[in-house]
Structures are given as structure tokens and as C-alpha cells.
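# Residue-level structure breakdown
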Amino acid sequence: MQAIVLVGGEGTRLRPLTHRTPKPMVPIANVPFLARTIERLYAAGIRDVIFPAGYLPQSIIDYFGDGSRFDMRITYVIEKEPLGTAGALKNVEQYIDGPFFVLNGDILTSLDLTEMIRFHREKGGLGALHLIRVDDPSAFGCVAHDADGRIRQFVEKPPKGSAPTNEINAGTYLLEPDVLAMIPAGRNVSIERETFPRLLSTGKMLYAYTTGDYWIDLGRPEHYLQAHRDILSGAMPCIVEPGISGAGAQRLMSNAALIAPVHVDEGVEIDPAATVGPNVVLGARCRIGAGALVRDCVLWDDVIIGERAVVEETIAASRVRIGADARIGPGTVIGHDAIVPAASVLAPGSRVSATAEVTQEK
Ligand code: GTP
């Protein structure tokens, strides 16, 4: 079994984090998300992975190389222009020699891939699509199926109250190679909007694999923070230990500043007169000054928070510096190397990058 992980998107909604880090490499509890995806594929027995990439591919290549460090074979296919979620599959057709998984590179889920393989073998057809149930399907691609699981209809982003079902496309597919013959070559094609509906209209059988797994699309800053809250609470299982966790936890265990759950990498320095937590992830070598308050935040490596600064519900990329007495409002996203001067007050939802003015979220 092979897997194609779609890693070519620009991740516009996560800017400025994605100005220098492609979305699949954004850290989840201090490990690039794509490395966690690779671990899941490995656990399901998959050793042959293809990355259709295009946006900032070098950082992906630098981290994974040929895959041998992960006991995997990794093939990169770089798109000159984005080919879309199906065009990217067509573009790697020459490497496919049997049924294959397709994973969106930005979905955090507890889905058991081995079970999904079993389901597909049992059902047959051209493919199985992972679905999950949501309260409000209006922002998603809805997938209606019959009692036997055969998919009958795709409805993209139905107006509120008009959705035929609350089951949505969860971004993991297990497909037969014949699907690739249905995708036109050389242009941008969306698997959700074009290929899947086309397969149905030509009578092909696709099956719904609906589970109650944890699932979140990391594509928006608020979802990225929510994913971390869920990881820290254990709602998304098996990523961190409860309480104070991480490579730097042992050394900070008796630090009075920490309010669990908190996840810390190596080399982190926290003044005991600070307040850090709950729901905080600190990357390697972060430093938190005396009197600072850091709550519901994900700070990447080497972030420095000055004395008495208040930082809440904020994401800061590597090497961000926040000056003393600054107040950073909820929903703020700060890009790599940005400096927030002492005593600054940032409104909720601010976007800050090293080279640009502070902007407000639209
Ligand atoms: P936004 O710009 O914020 O919408 O994000 P995105 O385009 O990076 O991600 P989106 O949620 O639209 O796409 C889902 C997955 O498909 C992500 O893992 C993307 O990396 C990937 N993807 C989207 N478009 C392409 C593409 O044209 N080529 C490749 N190879 N991957 C893509």
C-alpha cells in the first residue's frame, strides 16, 4: 500500500505562519505535523509515500530527505503551478502501482488507517472516503450515502439548514488506481468538486467510511489553537502525556509558574514569578520573563516573552520577541522573527510579521 500526502497548498489562511513554513511543516506540540502523519502511515504498515509539493518544498525535503531516516521511501513531485487536490494525484500517476491512500496534509485525526484498509477490502468499489459527523456541515463538503454506505451525492458547503446530511468529507481517501484515469492531466482539478462527483455520475462505486474519531482541519489559526487544547486535554489522544509534558518537562516540574496542561521542549527558561498555562506549548529555548502571563498559546522555538507581558490565545512563530509590558490580544498570530516592542497593545485578531505593519483580521 502506498500513500500520497498532499502538501502543495499555500496555507494562505495560516499566514503569516506559512510565509516561511509550509502548512504541513507547522509544528504540532513541537513536532512538524507532517512527521506525525508519517508516523501514522508507518503504524499502518505503509513504507512508500509520495509528496506532491510546490509551495516551499525545500523545507519538506530538508526534513524528510529520501525517507530512510523514517524507514520509508519518500518521493517528491514538485508542481510548477498548483494542480489542485486531484491534479496533484494525476501528476504522480507514474509512481502508483496499486490501491493508495490520499491524505490532506492538514488534517489532525485519530483515524485508524489499518481499519480503513480492512473496510475498503470488504466493500470493494473504486474507493473509500473517511467521513465524520459535524454539528454544522455548512462550511464543509457533505457526503450523502445509502444504508450500505454507497455514496450517492456530494454537496459542497450547503447553505445552513439545507444540508442533506451532517456527514462530511474528512480528507482521507483510499482509492484504486483506476480513479486516476478519470482525472484530466495538465490542469488544476479539485478532487472534491470535480473528480468525486464525476465518478458518481458515471456509476462508479465509492463507499463512506464514517467514524467517530477526533478530527480537525488545522487550516485556520483558531483551529490550530483548538487542536493544541485538544491534544493537551487528551481529546486528541496519544500525542502528549497529561499535565506538564515534553522533553523539557522534568527540569521545570517544580517551577511555580506552570499551570497544567503545559507542553515544553528542551532548553526552556521560565521565571518562577511568571504564569504559564493552562494550555500552553513552548518550543525549544523559549524564555518567559518575570511577571509575564502566557495562557492558551502556542509558541514555536526561541520565542522570548518580556517581563510582565500578557499574551493570550496567541500563536508566535520561531524567534518572535515580545517586549516587556506588551499586551497581546486573543487570536493574534505573529510571524517568524517579528519583534513586538515593549508596552505595545495588540488588538484581538492581529496579524504581525517581521516585515509588515500590524494588520487586523478581516
Ligand atoms: P489555504 O490557502 O489556507 O486554503 O490552504 P491550502 O490551499 O494549503 O489547503 P487546502 O485546505 O485548500 O488543501 C487541502 C490539502 O491539499 C492541503 O494539505 C494542501 O497542502 C493540499 N493542496 C491544496 N492545493 C494543492 C495543490 O494544488 N497541489 C498540491 N500538491 N497540494 C495541494
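Remember, predicted model here, so these are calculated numbers, not experimental data.

## Focus: the packing of aromatic side chains
- Using the criterion set out here, one finds nine aromatic pairs in the structure.
- Ring centres 5.6 Å apart and planes at 75° place the aromatic pair F51 and F64 in the edge-to-face group. Of this pair, F51 sits in strand β4 (residues 48–53) while F64 sits in helix α2 (residues 57–64), and the two are 13 residues apart along the sequence. In this pair, the class of F51 matches that of F64, namely buried.

## Quick word on the sheet that holds strand β17 (residues 275–276)
- One open sheet accounts for five strands, arranged β17-β20-β23-β26-β29; its pairing is parallel. If you trace the sheet from one side to the other, it starts and ends with β17 and β29 (345–346), each paired once.
- Summarising the sheet, strand β20 (residues 293–295) and strand β23 (residues 310–312) pair through three bridges and their orientation is parallel. By the bridge assignment, R295 is partnered in β23 with E312.

## Quick look at the state of the cysteines
- Applying the stated criterion across every chain, the model contains zero disulfides.
- Residue C286 stays outside any disulfide, its sulfur separated by 11 Å from that of C297, the closest cysteine.
- A relative accessible area of 0% places C286 in the buried class.
- A residue is classified by how much of its surface remains accessible, and C297, at 0% relative accessible area, is buried.

## Things to note about the domain arrangement of the protein
- Each assigned domain of the protein is listed here: domain 1 (2–221) and domain 2 (244–360).
- Look at where the C-alpha atoms of domain 1 and domain 2 centre, and you get two points 33 Å apart.
- Each partner contributes to the interface: domain 1 provides ten residues, whereas domain 2 provides 19 residues.
- Each partner contributes to the roughly 1,100 Å² buried at the junction of domain 1 and domain 2, and carbon and sulfur atoms together form 64% of this total.
- At the boundary of domain 1 and domain 2, one finds one salt bridge.
- The partner of D337 in a salt bridge is R20, with the nearest N and O atoms 2.5 Å apart.
- Residue classes in the side of domain 1 that touches domain 2 are distributed as six nonpolar, two polar and two charged.

## Concerning the site of the ligand
- Inspection of the region around the ligand gives 19 residues, with T12, R13, E79, G84 and G105 positioned closest.
- T12 places a side-chain nitrogen or oxygen 2.6 Å from an oxygen atom of the ligand.
- Isolated, the ligand exposes 600 Å² of accessible area, and the fraction of that covered by the protein chains is 83%.
- Sorting elements by how many residues they give to the shell around the ligand places helix α3 (residues 84–90) first, with three residues.
- Split by residue class, the shell around the ligand holds six nonpolar, eight polar and five charged.

## Considering a positive patch on the surface
- A surface patch of positive charge is lined by R13, K157, R193 and R220.
- Looking at where R193 falls in the secondary structure, it is placed in helix α5 (residues 191–201).
- Given the relative accessible area of 56%, R193 is considered exposed.

The rules we used
- Residues numbered from 1 in each chain as written.
- Predicted model: local features only at pLDDT ≥ 70, side-chain atom pairs only at ≥ 80, totals over all residues.
- Heavy atoms only, no water.
- Phe/Tyr/Trp six-rings, centres within 6.5 Å; stacked < 30°, edge-to-face > 60°.
- Helix = DSSP H or I, 4+ residues; strand = E, 2+ residues; numbered from the N terminus.
- Buried < 20%, exposed > 50% of the residue type's maximum accessible area, 1.4 Å probe, protein only.
- Pairing = 2+ DSSP bridges.
- Disulfide = S-S within 2.5 Å.
- Domains from an automatic or database assignment.
- Contact = heavy atoms within 4.5 Å.
- Buried area = accessible area lost by both parts, 1.4 Å probe.
- Salt bridge = Lys/Arg side-chain N within 4 Å of Asp/Glu carboxyl O.
- Nonpolar A, V, L, I, M, F, W, Y, C, P; charged D, E, K, R; others polar.
- Near = heavy atom within 4 Å.
- Polar contact = N/O pair within 3.5 Å; in protein donor to acceptor, adjacent residues only side chain to side chain.
- Areas by Shrake-Rupley, 256 points an atom, 1.4 Å probe, with all protein chains shown as cover.
- Patch = residues over 30% accessible without salt bridge, like charges linked within 9 Å, V, L, I, M, F, W, Y side chains within 5 Å.
- Lys, Arg positive; Asp, Glu negative; His and termini not counted.
- Charge placed at Lys NZ, Arg CZ, Asp CG, Glu CD.

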